[in-house]
Amino acid sequence: IKMMIVASISMLSGFAIFYLFLSSVITPKTVLLLYSVFSFCLLMIWRVLYDYFFGIRKRKPKVAFVGFNETVASLVREMKHSSYFGFTPLVVYDPDPSAGHEVAATDGAIPFISDQDEFVRFIESAAVDIVILAREKSFPLAVRQSLFSLLENEVGFFNLPDFFEVVTRKIPIGSINDNWLLSHLDAQGRTFFSIFKRGFDLSFSFLMLVATAPLW
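Before going into details, it helps to say that this report is about the structure given with it. The shown structure was predicted, so the numbers you read here are calculated from the model rather than taken from an experiment.

For the rest of this paragraph, the subject is the overall build of the protein chain. In terms of regular secondary structure, the protein chain is built from nine helices and five strands. In the protein chain, the order of α-helices and β-strands from amino to carboxyl end is α-α-β-α-β-α-β-α-β-α-β-α-α-α. Burial statistics for the protein chain: of 216 residues in total, 25% are counted as buried. By sequence separation, contacts in the protein chain at least 24 residues apart represent 65% of the contacts at least 6 residues apart. About 15,300 Å² of surface is accessible on the protein chain, with carbon and sulfur atoms providing 65% of the total.

The structure is reproduced here in C-alpha cells:
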C-alpha cells in the first residue's frame, strides 16, 4: 500500500513538472507513464520474491512464554495480528493463573497451561525454538530441568524485557524494575567521554558567546 501511494505521488509529481515547466521543451509523458508502471511492477515482483525466499514465508520460530503479565499479553496480540513480527506464539505457562484473566487479555489467541507436568510434556513434545522467561519467581525443579534439557535442542532463551525490545524496538515499561535498570546502567569506562563532552561544551559555548557578543 505504501509503495502504491509513493508510486502514484511520484508519477503525478513527474506529470506536474512536465506540464507546468517543461511542456514547451520536452513532453515525454508516455515514457514517464510506462516507466512508472514497469518500475512499480518490477519492484513488486522483487519484493514478492524476496519475501518468498527470505521473509515471512519462512518457518516462523515458535515461542513459549514462562510466566504471564500485561507485556506478554501485548506481545501475543501483536504476534497473532501482525505477520511482520515473524514469530508464532505457542503457549503460556502460568503456574499462578488468575481466573482466566490471561485468556481475556490475549483475546484467547494462545493456550494457557498452569499444570507443571502438562507444561513439561508440552515443551518436550512441541518444537519450541525460543523460550521467553517472564516470571521473576524461581521455577519448580521439574520445570527448570525441562528448560535446561531444551538447551540440547538449541532452543534460545530470552528474558522478557530484552525480547520485547528486540522484537518491537520499544522498552517494556511494565516490565522495568530495579534489576533491569542496574543491568542497563554502566558508570564505568566513561572518563574519556566525560572529558571530551565537557571540553566540547565549553568550547562550543565560548564560540557561541563570541559570535553573539554584538547582540548582547
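Still more ground to cover, so stick around.
So, about the pattern of salt bridges. The final tally for this structure, using the stated rule, is two salt bridges. The closest approach of N and O atoms between Arg77 and Glu70, which form a salt bridge, is 3.2 Å. Overall, Glu70 belongs to the exposed group, its relative accessible area being 53%. Between Asp201 and Lys197 there is a salt bridge, with its nearest N and O atoms 3.0 Å apart.

As a further point, take the sheet that holds strand 3 (residues 112-113). Pairing between the strands of a sheet comes from backbone hydrogen bonds, and it takes one of two forms, parallel or antiparallel. Spatially, five strands are ordered 3-2-1-4-5 in an open sheet, and the strand pairing comes out parallel. Edge positions in the sheet fall to strand 3 and strand 5 (156-159), since each has one partner strand and no second. One ladder, built from two bridges, connects strand 2 (residues 88-93) with strand 3; its direction is parallel. Bridging across to strand 3, Tyr93 finds its partner in Ile113. Along the sheet, helix 5 (residues 116-125) contacts strand 1 (62-66), strand 2 and strand 3; its crossing angle with strand 2, the most-contacted strand, is approximately 155°.

What follows is about the nonpolar core. Considering soluble globular proteins, one finds that nonpolar side chains tend to be buried as a cluster. Formed by 17 residues in total, the largest nonpolar core has its most connected members in Val63, Phe65, Val72, Leu75, Phe87, Ile132 and Phe163. Within the residue set of this core, elements represented by two or more residues are strand 1, helix 3 (70-81), strand 4 (130-133) and helix 7 (160-168). Setting aside chain neighbours within four positions, we find Val72 in contact with Phe65, Gly67, Val92, Ala134 and Leu160. Core analysis: the next-biggest nonpolar cluster, separate from the first, contains 15 residues, Ala64, Ile123, Val128 and Val155 among them.

Taken together, Leu34, Phe38, Leu42, Leu43, Ile45, Trp46, Leu49, Tyr50, Tyr52, Phe53 and Phe54 make up a surface patch of nonpolar side chains, about 1,300 Å² in accessible area. Considering the arrangement of structural elements, one finds Leu49 in helix 2 (residues 29-54). Given a relative accessible area of 46%, Leu49 falls into the partly exposed group.

Attention shifts here to unusual backbone geometry. Even without a glycine there, the phi angle at Arg169 is positive, about 60°. Structurally, Arg169 can be placed in the loop between helix 7 and helix 8 (178-184). Arg169 gets classed as exposed once you look at its relative accessible area, which sits at 68%.

Here a ring pair, both rings aromatic, is described through the centre-centre distance and the interplanar angle of the planes. Counted under the stated rule, the structure contains six aromatic pairs. Consider the rings of Trp46 and Tyr50, whose centres lie 5.7 Å apart with planes at 50°: the pair is tilted. One end of the pair, Trp46, and the other, Tyr50, are both in helix 2, four residues apart, so they sit about a helical turn from each other. The class of Tyr50 is partly exposed, set by a relative accessible area of 43%.

On to the packing of helix 3 against helix 7, then. Axis separation between helix 3 and helix 7 bottoms out at 11 Å; the angle between their running directions is 30°. Here helix 3 lies roughly parallel to helix 7, going by the angle between them. Where helix 3 crosses over helix 7, the two elements pack in a sense that is left-handed. Two secondary-structure elements touch here, helix 3 through Thr71, Val72, Ser74, Leu75 and Met79 and helix 7 through Leu160, Phe163, Phe164, Val167 and Thr168. Classifying every residue of the contact of helix 3 with helix 7 by side-chain character gives seven nonpolar, three polar and no charged.

What follows concerns helix 6 (residues 141-149). Buried within helix 6 are the following residues: Val143, Ser146 and Leu147. Projected onto a plane normal to the axis of helix 6, the buried residues spread over an arc of 100° and lie on a single side. Among the exposed residues of helix 6, those pointing more than 90 degrees away from its buried face are Leu141, Gln145 and Phe148. For helix 6, the elements touching its buried residues are strand 1, strand 2, helix 5, strand 4 and strand 5.

Cut-offs applied
Residues numbered from 1 in each chain as written. Predicted model: local features only at pLDDT ≥ 70, side-chain atom pairs only at ≥ 80, totals over all residues. Heavy atoms only, no water. Helix = DSSP H or I, 4+ residues; strand = E, 2+ residues; numbered from the N terminus. Buried < 20%, exposed > 50% of the residue type's maximum accessible area, 1.4 Å probe, protein only. Contact = heavy atoms within 4.5 Å. Areas by Shrake-Rupley, 256 points an atom, 1.4 Å probe, with all protein chains shown as cover. Salt bridge = Lys/Arg side-chain N within 4 Å of Asp/Glu carboxyl O. Pairing = 2+ DSSP bridges. Axes fitted to C-alpha atoms, helices over the stretch in contact; angles between N-to-C directions. Core = buried A, V, L, I, M, F, W, Y, C linked by side-chain atoms within 4.5 Å. Patch = residues over 30% accessible without salt bridge, like charges linked within 9 Å, V, L, I, M, F, W, Y side chains within 5 Å. Phe/Tyr/Trp six-rings, centres within 6.5 Å; stacked < 30°, edge-to-face > 60°. Parallel < 35°, antiparallel > 145°, perpendicular 65-115°, else oblique. Left-handed = near helix turned anticlockwise from the far one by under 90°. Nonpolar A, V, L, I, M, F, W, Y, C, P; charged D, E, K, R; others polar. Arc of directions from axis to C-beta.

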